[in-house]
Each structure stands twice: as C-alpha cells, then as structure tokens.
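# Close look at the chain arrangement
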Amino acid sequence: MHKKIDIDDTWLAAIGDEFTQPYMQELRQFLQNKKLQRIHILPHSSLWFNALKTTPLNKVKVVIIGQDPYPTIGHPHGLCFSVMPDVKPLPKSLINIYKELQDDLGIDNFHTGYLQSWAEQGVLLLNSVLTVDAGRPASHRGMGWEKFTDKIIATINENTVHIVFILWGKYAQDKGKMIDTSKHLIIKSAHPSPLSAHRGFFGSRPFSKTNAYLIQYGKSEIDWVIPKN
C-alpha cells in the first residue's frame, strides 16, 4: 500500500484516519508478504482505490456493492462488476446486469464491460474486498478490507441523504444492514450471477427505480448508456 493513498480529497478528509489503524497496518503487511512471495495481486496497486478516486464522497448518488475483484489478469480495475475496456467475453454476472438493463430501460451496453462512465456520474462501484490473488477468488477475504469498506458505507450513510444503495445477493445485503432506510433507498434482489439471477434479479428494474428516486429528490438521473468510442 502506497504511503500516498490515491483517493479523492473528499474521501481522504472523511476516512483518511483509517489508514493509520492497526487493522490497516496488518493488511498492508499481508499484501507486502504476498509481493515478497511474488504472488500476483489484482488489480494493480494503482487501482486498488479506483472507486474512491473516481467517485468523490460529495458526488455519490448510487452505491453498488460487490464482493471481490475478478481474479483474471487484465480484467479488474477497482470498480465492482466492471472490467477493462477490451475484455471479451464479458463476465457472466455483468451479462445478466446488461440483460436486466436492456429489459428495464432498453439500453444495449454489450459492446464493453467498462463501467467507468457510471462511476464518473456518481455510482460508487465498491467491492467489499479490494484485492485478490490472480486465479484465486476470495483469497484476501477476512484480512481487513471488509472493515475498511464498512467504514466507507457508514460514512455515506451518516453524512449524506437520498442515496440509492443497490444490494444484489445476500452478501451485499448483509453488508448494507447499517444503512438508514429513513434517509436512503435500498434496492435489493437476488445476485445477477447465473446461479441466482432467475430467483428475483431479472425483472427487478433497479436502473429505472434508481433514476425515479434521484429525480424525486432533485438529483440528476444516471445515464446508464456507456458510450462507444
């Protein structure tokens, strides 16, 4: 972990103290030990905090919670469910997200899995765990990242109003239990994974529901269309 953490200043002011906490020192040591063992950590260290760099705290309108980065080299870049621009085929969960988006709003994003434009509009694409060993899903769980990302969610919950939290699957829903539903909207359904998407994810219309809520509270809606370069 770099001495200079590459996150937006709004986040640094709100959660910068977390980087000095004992659990974060232990996480740093864990990651350093991995590097000493020449284990390939994903994504690249410059992208570990990409969600907090791309989506400032004062710009957050929507939060989507994922689990771990994709464990395939060249795929993850620090935004949950997103892959680098030229990755094909798209991850299966993302394909299902796009199917629902198409059914919900008629939008076809199948040309790319790169969700950077969503993040730049205020959609915080936050994994619970921010790193993983290449080829080993869930290999960094329980090492401290969850506590850090809980702090991020708590900070949004406490310091903002009228945020949409999109919680797909039990893991994300458990992580979102702290959210105050009197001041924020929670949209929850089954996970978009092929294993569970047919149990309530398809037909849940999270994208139109999100925009309706944002408009209701005087915020600009998210343009879910990803431009073709």
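Here is a short report on the structure shown in this document. Predicted, not measured: the structure shown is a model, and the values here were computed from it.

This part is about the pairing of strand 2 (residues 62–66). When you tally the buried positions in strand 2, you get five out of five residues, the bulk of the element. By the alternation rule, side chains of strand 2 split into V62, I64 and G66 and V63 and I65, which are all buried. Note that strand 2 and strand 3 (residues 123–127) share five bridges and pair parallel. Its bridge partner being in strand 3, V63 is matched across the sheet by L124. Relative to strand 5 (residues 164–168), strand 2 is paired through three bridges, and the arrangement is parallel. Looking across to strand 5, one finds that V62 is bridged to V164.

This paragraph deals with helix 8 (residues 206–216). Among the residues of helix 8, those classed as buried are P206, F207, S208, T210, N211, Y213 and L214. Residues of helix 8 that are buried in the fold lie against strand 2, helix 4 (92–105), helix 5 (116–120), strand 5 and strand 6 (185–189). Within two residues after helix 8, G218 carries a phi angle of roughly 75 degrees, on the positive side.

Scanning the entire structure with this criterion turns up 14 aromatic pairs. With 6.4 Å between their ring centres and 80 degrees between their planes, W48 and W145 make a pair best called edge-to-face. Of the two residues, W48 is situated in the loop between strand 1 (41–42) and helix 3 (50–54) and W145 in helix 6 (residues 145–159); the sequence distance between them amounts to 97 residues. Aromatic rings pair up to connect F19, W48, F49, W145 and F148 into one cluster.

Criteria and thresholds
- Residues numbered from 1 in each chain as written.
- Predicted model: local features only at pLDDT ≥ 70, side-chain atom pairs only at ≥ 80, totals over all residues.
- Heavy atoms only, no water.
- Buried < 20%, exposed > 50% of the residue type's maximum accessible area, 1.4 Å probe, protein only.
- Helix = DSSP H or I, 4+ residues; strand = E, 2+ residues; numbered from the N terminus.
- Pairing = 2+ DSSP bridges.
- Contact = heavy atoms within 4.5 Å.
- Phe/Tyr/Trp six-rings, centres within 6.5 Å; stacked < 30°, edge-to-face > 60°.

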